[in-house]
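Fold and geometry: a report
If you want the building blocks of each chain, they are given just below.
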Amino acid sequence: MAYLFVSQLANLLNGPKQDFPFGIEFIFAYLLSLFGTGFFAFIGFAYPTSRLIGSSYYKLRNLKMLTLTYNVLGVKYFKYLLLLFFWGTKNNRKKYFDGTKSGIKNFVYQTHQSEFGHLGGFLLLLICSLLLAFKGYFQMSIILFIINVIGNFYPIILQRYHRIRVEKILHL
């Protein structure tokens, strides 16, 4: 994943700027997003990467702003799409929460892992969007940015929003 990401980005940035049709730019942006986020996801499957950020990052602050962001961006619709297309089956949901009290701790750990993976992907792709814009790939940069927001920023907000409810349960 990392090799594919770096080689694709290097090909775009090191050579002369080329004019690609919209469809090709969309495919490049999608692949950059897939490889960049996938790199963090695969590492997160094998290692407790969420510990690389201090635990203070995962503490929720300014809950009103988080809730406002969740509502304004329509993250609940994103959640419905995830449930419809991916998390809808019980087997997929059990990875995060098995319905037991001890499963809550696993749920918190899994949300931290997911959030770290999406945060790493978000920051990496944000930098890539800027690099592509500076190289003159404005359309590809915008496409990558939009994919990044939907594919990484929305999940970060969703994980943090879930944590509001979990913290209420844990502090009962």
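Figured I'd write up the structure that's included with this text. (Residues numbered from 1 in each chain as written. Predicted model: local features only at pLDDT ≥ 70, side-chain atom pairs only at ≥ 80, totals over all residues. Heavy atoms only, no water.)

Our focus in this paragraph is the side chain of Ser-141. Looking at the secondary structure, you find Ser-141 in helix α8 (residues 138-170). Taking relative accessible area as the criterion, Ser-141 reaches 8% and is therefore assigned buried. (Helix = DSSP H or I, 4+ residues; strand = E, 2+ residues; numbered from the N terminus. Buried < 20%, exposed > 50% of the residue type's maximum accessible area, 1.4 Å probe, protein only.)

A separate point is the pattern of salt bridges. Applying the stated criterion across every chain, the model contains three salt bridges. Between Asp-19 and Lys-17 there is a salt bridge, with the nearest N and O atoms lying 3.1 Å from each other. Three or more residues are tied together by salt bridges with common partners; here these are Glu-115, Arg-160 and Arg-163. (Salt bridge = Lys/Arg side-chain N within 4 Å of Asp/Glu carboxyl O.)

Taken together, the side chains of Phe-22, Ile-24, Phe-26, Ile-27, Tyr-30 and Leu-34 define a hydrophobic patch exposed on the protein surface, amounting to about 560 Å² of accessible area. Within the secondary structure, Leu-34 is located in helix α2 (residues 22-46). A relative accessible area of 39% places Leu-34 in the partly exposed class. (Patch = residues over 30% accessible without salt bridge, like charges linked within 9 Å, V, L, I, M, F, W, Y side chains within 5 Å. Areas by Shrake-Rupley, 256 points an atom, 1.4 Å probe, with all protein chains shown as cover.)

What follows concerns the environment of Gly-117. Structurally, the position occupied by Gly-117 is in helix α7 (residues 101-135). Residues Gly-117 and Phe-40, 77 residues apart in the sequence, show an inter-C-alpha distance of 4.9 Å.

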